[in-house]
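Structural overview
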There are 2 protein chains.
Amino acid sequence: MRALVFDSGIRLADVDEPRRGANDALLRVRLAGICNTDLEITRGYMDFRGTLGHELVADVLEADDDAWVGARVCAEINFACGECPSCEAGLGRHCPTRRVMGILGAPGCFAERVVVPQANLHRVPDHVRDEAAVFAEPLAAAFEVVEQVEPSIGERALVVGDGKLGLLCAMVLKSEGLATTLVGRHARKRAIAEASGVHAFAPELLQEGDFDLVVEATGQASGLSWSMERVRPRGTLALKSTFHGDLKLDTAKLVIDEITLLGSRCGSFERALAALSAGTVDPTPLIDAVHPLSDGVEAMARASAHGSLKHLLDARLEVGA
Amino acid sequence: MRALVFDSGIRLADVDEPRRGANDALLRVRLAGICNTDLEITRGYMDFRGTLGHELVADVLEADDDAWVGARVCAEINFACGECPSCEAGLGRHCPTRRVMGILGAPGCFAERVVVPQANLHRVPDHVRDEAAVFAEPLAAAFEVVEQVEPSIGERALVVGDGKLGLLCAMVLKSEGLATTLVGRHARKRAIAEASGVHAFAPELLQEGDFDLVVEATGQASGLSWSMERVRPRGTLALKSTFHGDLKLDTAKLVIDEITLLGSRCGSFERALAALSAGTVDPTPLIDAVHPLSDGVEAMARASAHGSLKHLLDARLEVGA
C-alpha cells in the first residue's frame, strides 16, 4: 500500500501491509492531519524513521471485537503496554514502554491503512464530519491544559501563538468559559480566533499582563520568556510546544512569583469528541487544504510554509484504496 | 544603633534608629539567621542596598496593640499594602508593591532593632528555643512546597542539595509522611538528614528515579536538568533556588512527561511554628555557629564558605543593646 515515509528524506513509498496483532484493529484511513510534530520529526525530533502521521479519522476493517468493524473512529496515539504501574494508574499515555503512532516505534497513519490497539479506538458521532473528527487528537491535546489546570469560569487566559495548536487551545479555553485572549502575528489566524469569541492581538499590541493562565504555543524558543512575563504571581504557564534542544529560563521570576510551569502533551479524546459533537468547538476553519495522500510530499512542504495552518491528507483518493 | 549593611561592600555601620509608622511594631532582635539570599544579594541579586537580614526571633518593644508588647515573636518578611487584589486574595506575599525585609525596600534584621508591620508578627510558643524559632522563615519556605503540591502520605520525594534549605525541605517532607531521599555532596550534612529519618546519598550513588516530587535546592545552575531527570512522568519538580541569571531547560522532557515545574518561595509561618512547637522538625543541628552582630562581616564570610550551614547573629551581645 502507499504511505508517506520519512527516512533520509520524505517520500511516497510502497510499503508492506500493516499486520494486525492480538488486541489490534486494522483501520482504513479516511483523512489524516499534518501536525507540527511531523515537521519537527523531519528535522530530527525523536529520531523517528518510518511512516509519519498520528491524526486520523478512519473506518475499522478488522478488530477482535466484531462490534467495532465498520465503525468510523479516531484513535489515541499512545500504544501502552497495559500492565506497568503507569498503565495501572490510568496513565497509559505515559507508559515507559509505549509506542506512539508515527512518532515512536509504530507506523503512522499517512498511509492507506494503519494498525492500532483496539483499546485506542473512539467512535465518531455520526453527525461529526470527517473534516472535524480528524482534529480529535490535537483538540484532545488542547483540552489537556484544561484537565491539568482545572481553571475556573471567568479566569483570564492568554494563548501565545496563532498556529494550529494555539488556535485550538484558544477555542477550547473560550468554550470552557475563560476570558480568553490570543496573541499572534497573522491577521488571518487572529480572525479565526476572533470568530470564536476570542480577543486577538498582535503581540506588541497586548496591553494586559497578569493572566491567570498562559499557554505557550509558539513553537519558538523565544516564546517561553515572553509568556512568563504575562503570568500573574501564582499563575500557570502551560508549555505545549516541543522543541529540539534547550531553552533559557529566568528562574528568579519563576521562583519569586511562584509560577507553575506545566508541561502539557496529549489529552482525553472523550472531551474532544464531546466538544465536536456539541459544536462548542469548530476546528474546520483551520483547514487550508485537503491533498490526496499521493501528493503528501508537496503537502508536507505546504504545511511547513510560513503562515500555513492545517493540511489534510485524503487516503481515499488513492487508486486501489 | 549597629547594623550589618551592604552597599559597596559588607560593613558594620552605625545607622539611624528605625522609625515605627502606623500599624508597625518595633522589635529588639534576639537572633538573626544568615541565608543564602543574603549572600546572593552581596553578589548583585535584587540590587538591594541597606541593612541585610530577614530571619529573626525578637521581642516586641512597641506596637499599636499593647497585647503584642513584650511578646517573643518571629515576623513574616513580605510587607504588603493590604489593599490590592493580591492582598485581598490573601496573597500578600505576592503584593506587587510589597517591600521585603532586608531584600527589597525595607531595612533588614541584622541590626539591634527593626520595624515590621504588626500584621506580620507571629508569637513564638514559650517552649520553643530562640535557636529553633529563628528558623521559622526558612522552615516556612520549606513548608511552602507541601502547601503548593499537597502530596499524599507515602509518596516518594527527592531533595537535591544538602544546603540549609535542602535539609529543611527534607526534614519537612519526612515529617509530612513522605518517603524522603536527599542527595548531597557533604557527608556531614547527609548525616543530619539521616538523623531525621531521611535516606541520604551522594548524587552519583542514587539508583532510583521516577520520584513523585523532586525539590531542587542546590543553588547550582546544573541542578535543574539533573533534577528533572529524576521526576516521574506527571510528577512535580519544585524549584527553591533563586539564581542570578538564566538556566537551561530541556522542554522536550518537560512537555512529553508533562512535568510540573513549580516555583516556590516563602511560606506559612503557622505551619513552621506548629512543627517547631510539636517537635516534628528540629532545625538546630544545622547551626554552625552563633556570632555577635559586631562580628557580622566575619560571620558572612564564614557563611559563604564551601560546606557551611547556618550561621546566626546574636544582637543581644552588643554593647548598649
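Remember, it's a predicted structure, so these values are computed and weren't measured experimentally.

Here we take up the overall build of chain A. Helix and strand counts for chain A come out as 10 helices and 20 strands. Relative to its length of 321 residues, chain A is compact, with a C-alpha radius of gyration of 19 Å against a globular reference of 20 Å. Considering only C-alpha atoms, chain A reaches an extent of 55 × 40 × 40 Å along its principal axes. In chain A, which comprises 321 residues, the proportion classed as buried is 59%. Of the contacts made within chain A by residues no fewer than 6 positions apart, 67% connect residues no fewer than 24 positions apart. Of the roughly 12600 Å² of accessible surface on chain A, a fraction of 47% belongs to carbon and sulfur atoms. Across chain A, the mean location of the 33 positive side-chain charges is 3 Å away from that of the 46 negative side-chain charges.

A few words now on the packing of helix 4 (residues 136-149) of chain B against helix 9 (residues 269-278) of chain B. All names here are of chain B. Contact geometry of helix 4 with helix 9 gives a least axis separation of 8 Å together with a crossing angle of 110°. Taken as axis vectors, helix 4 and helix 9 run roughly perpendicular relative to one another. When the axes of helix 4 and helix 9 are compared, the crossing they make is right-handed. Only Phe269, Arg271, Ala272, Leu273, Ala275 and Leu276 of helix 9 make contact with helix 4, whose side of the interface consists of Ala136, Glu137, Leu139, Ala140, Phe143, Val146 and Glu147.

Positive phi values are uncommon outside glycine, yet Glu150(A) reaches one of about 50°. Positionally, Glu150(A) belongs in the loop between helix 4 (136-149) and strand 12 (156-160). Even without being a glycine, Arg234(B) presents a positive backbone phi close to 70°. As for its position among the elements, Arg234(B) is in strand 16 (residues 231-239). Judged by its relative accessible area of 29%, Arg234(B) falls in the partly exposed class.

This part is about the sheet that holds strand 16 (residues 231-239) of chain A. Spatially, the 12 strands line up as an open sheet ordered 14(A)-13(A)-12(A)-15(A)-16(A)-18(A)-18(B)-16(B)-15(B)-12(B)-13(B)-14(B), and their pairing is mixed. For this open sheet the edge positions go to strand 14 (199-201) of chain A together with strand 14 (199-201) of chain B, each flanked by a neighbour on one side alone. Strand-to-strand twist across the sheet, computed as the mean angle between neighbouring axes with direction ignored, equals 20°. As paired elements, strand 12 of chain A and strand 13 (residues 179-183) of chain A share five bridges and run parallel to each other. Residue pairing for strand 13 of chain A: Leu158(A) is matched across the bridge by Thr181(A). The strands touched by helix 6 (residues 187-195) of chain B are strand 13 (179-183) and strand 14 of chain B; relative to strand 14 of chain B, the strand with the most contacts, the crossing angle is about 165°.

Before going further, it helps to spend a moment on the interface of chain A and chain B. How large an interface is tends to be reported as the accessible area lost when its parts come together. The interface of chain A with chain B comprises 37 residues on the first partner and 37 residues on the second. Carbon and sulfur atoms make up 57% of the surface buried where chain A meets chain B, a total of about 3000 Å² over both sides. Across the chain A-chain B interface, the total number found is two salt bridges. Here Glu144(A) ties to Arg234(B) by a salt bridge, and the two come within 2.4 Å at their closest N and O atoms. Connecting chain A to chain B are 11 residue pairs in polar contact (both at pLDDT 80 or more). The pairing of strand 17 (residues 246-250) of chain A with strand 17 (residues 246-250) of chain B spans five bridges and is antiparallel. The residue of strand 17 of chain B that forms the bridge with Leu247(A) is Leu249(B).

Residues and elements named next belong to chain B. Examined against the element boundaries, valine 114 turns out to sit in strand 10 (residues 113-117). Sequence separation between valine 114 and arginine 28 is 86 residues, and the spatial gap between their C-alpha atoms is 6.7 Å. With residues up to four places along the chain from it excluded, the contact list for valine 114 reads Pro18, Ala25, Leu26, Leu27, Val29, Leu56, Pro107, Gly108 and Cys109.

Let us look at the packing of aromatic side chains. What the rule picks out here adds up to zero aromatic pairs over all chains. The positively charged end of Arg230(B) is found above the aromatic ring belonging to Trp226(B), 3.8 Å away from the centroid.

Let's shift gears to the domain arrangement of chain A. All names here are of chain A. Here the domain parsing of chain A yields domain 1 (2-135 + 283-314) and domain 2 (141-263). Just the C-alpha atoms count here: the centres of domain 1 and domain 2 sit 27 Å apart. Between domain 1 and domain 2 lies a buried interface of about 1300 Å² when both sides are counted; carbon and sulfur atoms form 57% of it. Broken down residue by residue, the surface that domain 1 buries against domain 2 is led by Tyr45, Leu286 and Leu309, which jointly contribute 39%. Run the count over domain 1 and domain 2 and you get two salt bridges. In this structure, the salt-bridge partner of aspartate 288 is arginine 188, at a minimum N-O distance of 2.9 Å. At the boundary of domain 1 and domain 2, one finds five residue pairs in polar contact (both at pLDDT 80 or more). Its residues placed into classes, the side of domain 1 that touches domain 2 shows eight nonpolar, five polar and five charged.

In this section: the relation of the copies chain A and chain B. Of the transformation superimposing chain A on chain B, the axial component is 0.0 Å and the angular component is 180°, with the fit at an RMSD of 0.0 Å. What the rotation and shift describe, once combined, is the action of a two-fold rotation axis. Here 100% of the contact residues of chain A are again contact residues in chain B; the copies associate through an equivalent surface.

Let us look at the sheet that holds strand 8 (residues 99-101) of chain B. Note: strands within a sheet are paired through backbone hydrogen bonds, in either parallel or antiparallel orientation. Residues and elements named next belong to chain B. Spatially, three strands are ordered 7-8-9 in an open sheet, and the strand pairing comes out mixed. The sheet terminates laterally at strand 7 (78-79) and strand 9 (105-106), the two strands that pair on one side only. Inspection of the sheet shows strand 8 paired to strand 9 by two bridges, in the parallel sense. Looking across to strand 9, one finds that valine 100 is bridged to glycine 105.

Between its terminal C-alpha atoms helix 5 (residues 164-175) of chain B stretches 17 Å, which fits the 16 Å expected from 12 residues at 1.5 Å a residue. Taken together, the buried positions of helix 5 of chain B are Lys164(B), Gly166(B), Leu167(B), Leu168(B), Cys169(B), Ala170(B), Met171(B), Val172(B) and Leu173(B).

As a further point, take the side chain of Glu258(A). Tracing the backbone through its elements, the reader meets Glu258(A) in the loop between helix 8 (251-256) and strand 18 (260-263). Within the local environment of Glu258(A), its side chain forms a polar contact with the side chain of His94(B), the two groups lying 2.9 Å apart. Here Glu258(A) is in contact with Arg234(A), Gly235(A), Lys253(A), His94(B), Glu144(B), Gln148(B), Gly263(B), Ser264(B), Arg265(B) and Cys266(B), once residues within four sequence places are set aside.

Conventions we followed
Residues numbered from 1 in each chain as written. Chains lettered and ligands numbered in written order. Predicted model: local features only at pLDDT ≥ 70, side-chain atom pairs only at ≥ 80, totals over all residues. Heavy atoms only, no water. Helix = DSSP H or I, 4+ residues; strand = E, 2+ residues; numbered from the N terminus. Rg over C-alpha atoms; globule rule 2.2 N^0.38 Å. Buried < 20%, exposed > 50% of the residue type's maximum accessible area, 1.4 Å probe, protein only. Contact = heavy atoms within 4.5 Å. Areas by Shrake-Rupley, 256 points an atom, 1.4 Å probe, with all protein chains shown as cover. Lys, Arg positive; Asp, Glu negative; His and termini not counted. Charge placed at Lys NZ, Arg CZ, Asp CG, Glu CD. Axes fitted to C-alpha atoms, helices over the stretch in contact; angles between N-to-C directions. Parallel < 35°, antiparallel > 145°, perpendicular 65-115°, else oblique. Left-handed = near helix turned anticlockwise from the far one by under 90°. Pairing = 2+ DSSP bridges. Buried area = accessible area lost by both parts, 1.4 Å probe. Salt bridge = Lys/Arg side-chain N within 4 Å of Asp/Glu carboxyl O. Polar contact = N/O pair within 3.5 Å; in protein donor to acceptor, adjacent residues only side chain to side chain. Phe/Tyr/Trp six-rings, centres within 6.5 Å; stacked < 30°, edge-to-face > 60°. Lys NZ or Arg CZ within 6 Å of the ring centre and 35° of its normal. Domains from an automatic or database assignment. Nonpolar A, V, L, I, M, F, W, Y, C, P; charged D, E, K, R; others polar. Least-squares fit on C-alpha atoms with pLDDT ≥ 70 in both. Expected span 1.5 Å × (residues − 1).

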